[in-house]
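Here is what each chain is made of, one letter per residue.
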Amino acid sequence: MSVGLLAVVDDILSAAMKASAKAAGVVIDDAAVTPQYVQGITPARELPVVGKIALGSLANKFVIIIPVALLLTAFAPWVLPYLLIIGGLYLCFEGAEKVLEWFGIQHGHEDESARDERKLVLGAVRTDLILSTEIMLISLASLDTGLGIWMTLAILAVIAVIMTAVVYGAVALLVKIDDIGLKMATSSDERVSRNGTRLVNAMPAVFRFISILGTVAMLWVGGHLLLVNLGEVGVHFGADILHGIEHALEPAGAVIVWIGDTLFSAIAGLAAGLIIVGIVLGIGRMLGKRPTFHEGEETPASAAH
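Everything numeric here is computed off the predicted structure, so don't read it as measured data.

Analysis parameters
Residues numbered from 1 in each chain as written. Predicted model: local features only at pLDDT ≥ 70, side-chain atom pairs only at ≥ 80, totals over all residues. Heavy atoms only, no water. Axes fitted to C-alpha atoms, helices over the stretch in contact; angles between N-to-C directions. Helix = DSSP H or I, 4+ residues; strand = E, 2+ residues; numbered from the N terminus. Parallel < 35°, antiparallel > 145°, perpendicular 65-115°, else oblique. Left-handed = near helix turned anticlockwise from the far one by under 90°. Nonpolar A, V, L, I, M, F, W, Y, C, P; charged D, E, K, R; others polar. Phe/Tyr/Trp six-rings, centres within 6.5 Å; stacked < 30°, edge-to-face > 60°. Buried < 20%, exposed > 50% of the residue type's maximum accessible area, 1.4 Å probe, protein only. Salt bridge = Lys/Arg side-chain N within 4 Å of Asp/Glu carboxyl O. pLDDT = per-residue confidence, 0-100. Contact = heavy atoms within 4.5 Å. Patch = residues over 30% accessible without salt bridge, like charges linked within 9 Å, V, L, I, M, F, W, Y side chains within 5 Å. Areas by Shrake-Rupley, 256 points an atom, 1.4 Å probe, with all protein chains shown as cover.

Brief notes about the packing of helix α3 (residues 43-75) against helix α6 (residues 149-185)
Here comes step 1: The geometry of α3 relative to α6 is characterised by a closest axis approach of 10 Å and an angle of 160° between their N-to-C directions. Classified by the interaxial angle, the pair formed by α3 and α6 is roughly antiparallel. By crossing handedness, the relation of α3 to α6 is classed as right-handed.
Here comes step 2: When its residues are assigned to classes, the contact of α3 with α6 shows 20 nonpolar, three polar and four charged.

Written as structure tokens, this is what we have:
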């Protein structure tokens, strides 16, 4: 019995690791997006906030994504592309709004002196829902056909835990690197102290880069979701261009193909996001309101300070 159980566990772990590898790119995007939500809060609250977002991410996966994905896959698979289009549009909207801020265009009152932790966590968990949905759907699509429902559920559960641990473990490390540098700077060892000081001095630039990377990641993931899933529902124009770029760059190697795919997806995501921002602002102006798009996260512009 124990040997059989170990064999089943081994099969589950092997399938989970194989499927997780296909979603590695989105995992990197998720890890790049999340730190901007933690920037600017007090050091004592950084890890608790990351922990809350991680719990929200697990809730997204186990309470919403996995049950809905299994049900829709079984009974209404045609709905999935539409849900991913909506998710892609949301990421494009968030990314485009932040890009506008890089150029000094503000869309609402911004009060970075009083960060709302509850809104911050809600905003991060909502963004995580989109990214986690793509992670889990890519993983689900990568599983071998013919697996039973319980085996599939077990594999997806393992993937959910692994992905959450990887993403938010990396985020926790990123947001505490400056504290590690400060501790190193107080070391009696001169070399360790000097490296600690360099680490602390480098962190503002690192977090600025992470903030920009997170915004770009929103655009390229959102744009890619939009292009691919519009193609799935019959709007092939964008997906055909994407496939044409991939085919044209194929002789240059996988890395160049990925760069071309990412660049076009990000441009498409930015274009879609700017249209949505314009629509939201237009509706707000018609209703006599000025929309505020932030959910407590550090904006790319303010991350530089």
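A word on the packing of aromatic side chains
Here comes step 1: Inspection of the entire model under this criterion finds two aromatic pairs.
Here comes step 2: Ring geometry for Trp-78 versus Tyr-82: centroids 6.5 Å apart, planes at 75°, classification edge-to-face.
Here comes step 3: You can call Trp-78 exposed: its relative accessible area is 61%.
Here comes step 4: Tyr-82 sits in the partly exposed class, given a relative accessible area of 42%.

Considerations on the pattern of salt bridges
Here comes step 1: All chains considered together, the criterion is met by five salt bridges.
Here comes step 2: For Glu-117, the salt bridge is made with Lys-52, and the minimal N-O distance between the two is 2.9 Å. One end of the pair, Glu-117, is in helix α5 (residues 117-142); the other, Lys-52, is in helix α3, with 65 residues separating them in the sequence.
Here comes step 3: Arg-194 is paired through a salt bridge with Glu-190; the nearest N and O atoms lie 3.6 Å apart. One end of the pair, Arg-194, and the other, Glu-190, are both in helix α7 (residues 190-232), four residues apart, so they sit about a helical turn from each other.
Here comes step 4: On the basis of relative accessible area, Arg-194 is assigned to the partly exposed category, the value being 38%.

With respect to the confidence of the model for the protein chain
Here comes step 1: Residue-level pLDDT values for the protein chain average 81, and 85% of them are 70 or greater.
Here comes step 2: Ranking the elements of the protein chain by mean pLDDT puts helix α10 (residues 300-303) last with 46 and helix α8 (residues 237-249) first with 92.
Here comes step 3: In the model, residues 109-114 has pLDDT below 50 throughout and makes seven contacts with residues more than four positions away in sequence or in other chains.

Structural notes on a nonpolar patch on the surface
Here comes step 1: Taken together, the side chains of Phe-62, Val-63, Ile-64, Val-68, Leu-83, Ile-86 and Val-161 make up a nonpolar region of the molecular surface, amounting to roughly 610 Å² of accessible area.
Here comes step 2: Breaking the nonpolar patch down by element, the ones donating at least two residues are α3 and α4 (80-102).
Here comes step 3: Residue contributions to the nonpolar patch peak at four residues, all from α3.
Here comes step 4: Tracing the chain through its elements places Val-63 in helix α3.
Here comes step 5: Given a relative accessible area of 62%, Val-63 falls into the exposed group.

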